[in-house]
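Take a look at the letters that make up each chain.
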Amino acid sequence: MRTALVCGAGGFIGGHLVKRLKAEGFWVRGVDLKFNEFAETAADDFCIGDLRDPLFVREMFDRRFDEVYQLAADMGGAGYIFTGANDAAIMHNSATINLNVLEAARCRNASRIFYSSSACIYPAYNQEDPDNPNCAEESAYPAAPDSEYGWEKLFSERLYLAYARNHGMTCRVARYHNIFGPEGTWTGGKEKAPAAMCRKVAAAPDNGEIEIWGDGEQTRSFLYVDECVEGTLRLMRSDFCGPVNIGSEEMVTINALATMVADIAGKRIRRRHIPGPLGVRGRNSDNRLIRAKIDWAPERPLRMGLERTYAWIERQLHRNDQPQRLAS
Ligand code: NAD
């Protein structure tokens, strides 16, 4: 039986990845600081522990896994990454995890290892024009990410590629672009724009108002989690090491995202623009390299993923409402 280790299995993408690996017949060990918040894990073995601890990490590598996925990171949405208040923790925690996991994988001669980097590594200077951001893979240098989260990802990308060169390891590096879907964080400050928008619209009455950070004309693309998992597995099993974008090329403004969610909800919604952490002005995936190297790229329309995500967040919201309604 093929075996897989998923670090960060208690998180959003990790949870979906474990389900997919189980469906493919793998024996899966998941590792995380916590269990999944919104669903039972599908992993055969789930170990709670801290990947910053090298001894714990060594224990997790008690066999030669066929596939190792390193998704664990100290991360969050713009509200967590861009205030500056969490910079030291983000850099220290994520870099330590990557150093530990990669070294343990080397010591156990793991067959192949995947690392999830981020679109946040791209230079801020290429993302000032909301209509024409440049996120082609080779544009990463000269490096100038707009956050310490991005700098750590860039360091860790290089770490994986250096281990591949110097230790003959099979490493795969993807740069994820804004992944969203059900069973992801949707409230509390670490949620991303699609989840936040779905929550705000679901909570608003018809003809109500939602708050949007900035003027809403900043652009982004968003990738549904199933396609992210598909791309991850295809890259892992390909001959191409990356780094390569895994993202959608359907770029929208945040205002257009709000309009799409309101339309899905069947509500008329007014937007109130307030100051808030924004990140770069424009960002879009560039999928030329992934198409050329693994003959695949995400194709599903944003709306399809948003419909599923909105339905799931609406259910979460009403579940949370229930005790209050019963009490009143
Ligand atoms: P997530 O926060 O839901 O999952 C990360 C998991 O790592 C969490 O469950 C967390 O508990 C775990 N973790 C953090 N520190 C740990 C530690 N010290 N020991 C053990 N576990 C620890 O995030 P996600 O959205 O599932 O993202 C997965 C990966 O993809 C991350 O590396 C992230 O940086 C990267 N990524 C995600 C996106 C996105 O849009 N979701 C975009 C770009 C890159």
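Preceding block: the structure.
Residues numbered from 1 in each chain as written. Predicted model: local features only at pLDDT ≥ 70, side-chain atom pairs only at ≥ 80, totals over all residues. Heavy atoms only, no water.

Q: How should I be thinking about unusual backbone geometry in this particular structure?
A: Trans peptide bonds make up most of the peptide bonds, and negative phi angles are found at most residues other than glycine. Note that the residue after Y141, namely P142, is joined by a cis bond; omega there is 0°. Within the secondary structure layout, P142 lies in the loop between β5 (113-118) and α5 (148-167). Residue P243 follows G242 across a cis peptide bond; omega there is 0°. A positive phi angle, near 55°, is found at N109, a position not held by glycine. Phi at D295 takes a positive value of approximately 55°, unusual for a residue other than glycine. Along the chain, the position of D295 falls in the loop between α9 (288-294) and α10 (302-327). Residue classification places D295 among the exposed positions, given a relative accessible area of 70%. (Helix = DSSP H or I, 4+ residues; strand = E, 2+ residues; numbered from the N terminus. Buried < 20%, exposed > 50% of the residue type's maximum accessible area, 1.4 Å probe, protein only.)

Q: What exactly am I supposed to notice about the site of the ligand here?
A: For the ligand, the set of nearby residues contains 26 residues, the closest of which are I13, D32, Y149, I179 and K192. Contact distances for the ligand include 3.3 Å between an oxygen atom and a side-chain N or O atom of K34. D50 is positioned such that a nitrogen or oxygen atom in its side chain is 2.8 Å from a nitrogen atom of the ligand. The set of elements that each furnish at least two residues to the shell around the ligand consists of α1 (12-23), β5 and α5. It is β5 that provides the largest number of residues to the shell around the ligand, a total of 3 residues. Among the residues forming the shell around the ligand, the class breakdown is 12 nonpolar, 8 polar and 6 charged. (Near = heavy atom within 4 Å. Polar contact = N/O pair within 3.5 Å; in protein donor to acceptor, adjacent residues only side chain to side chain. Nonpolar A, V, L, I, M, F, W, Y, C, P; charged D, E, K, R; others polar.)

Q: What is the right way to read the side chain of E67 from this model?
A: Structurally, E67 can be placed in strand β4 (residues 67-70). Under the relative-accessibility criterion, E67 is labelled buried at 6%. A polar side-chain atom of E67 sits 2.5 Å from a polar atom in the side chain of Y69. Within the structure, the side chain of E67 is placed 2.9 Å from the side chain of R237, a separation counted as a polar contact. Setting aside chain neighbours within four positions, we find E67 in contact with T3, A4, L5, L21, F26, R112, M236 and R237. (Contact = heavy atoms within 4.5 Å.)

Q: What's the story with the pattern of salt bridges in this structure? I'm lost.
A: Pairing between side chains becomes possible if they bear opposite charge and their charged atoms approach one another. Under the defined criterion, the tally for this structure stands at 22 salt bridges. Salt-bridge contacts for E24 lead to R237; the nearest nitrogen and oxygen are separated by 2.9 Å. Of the two residues, E24 sits in the loop between α1 and β2 (27-32) while R237 sits in the loop between α7 (225-236) and β11 (244-246), which places them 213 residues apart along the sequence. Classification of E24 by relative accessible area gives partly exposed; the value is 26%. Among the salt bridges present, the one from E67 reaches R237, with a minimum N-O distance of 2.9 Å. Taken together, the residues E67 in strand β4 and R237 in the loop between α7 and β11 connect sequence positions 170 residues apart. (Salt bridge = Lys/Arg side-chain N within 4 Å of Asp/Glu carboxyl O.)

Q: Looking at this model, I keep getting lost on the packing of helix α4 (residues 87-107) against α5. Mind explaining?
A: Any two packed helices are characterised by how steeply their axes cross, that is the angle between the axes, and by the distance between the axes. Look at α4 against α5: their axes get within 9 Å of each other, and the N-to-C directions meet at 15°. Between α4 and α5, the interaxial angle falls into the category roughly parallel. Here α4 and α5 pass one another in a crossing that is right-handed. The residues of α5 that touch α4, namely those facing D87, I90, M91, S94, A95, N98, L99, L102, E103 and R106, are E148, Y149, W151, E152, F155, S156, L159, Y160, Y163 and H167. Residue classes in the contact of α4 with α5 are distributed as 11 nonpolar, 4 polar and 5 charged. (Axes fitted to C-alpha atoms, helices over the stretch in contact; angles between N-to-C directions. Parallel < 35°, antiparallel > 145°, perpendicular 65-115°, else oblique. Left-handed = near helix turned anticlockwise from the far one by under 90°.)

Q: When you look at the environment of F180 in this model, what are you seeing that I'm missing?
A: Tracing the chain through its elements places F180 in strand β7 (residues 179-180). Look at F180 and you get buried, because its relative accessible area is 4%. Spatially, the C-alpha atoms of F180 and P194 are 6.7 Å apart, while their sequence positions differ by 14 residues. Contacts of F180, omitting those with residues within four sequence positions, involve F12, P194, F222, L223, Y224, V225, L302, G305, L306 and T309.

Q: How should the side chain of D286 be read in this particular structure?
A: Tracing the backbone shows D286 in the loop between β13 (269-274) and α9. A distance of 2.6 Å separates polar atoms of two side chains, one belonging to D286 and the other to R288. Setting aside chain neighbours within four positions, we find D286 in contact with C135, A136, E137, N245 and E249.

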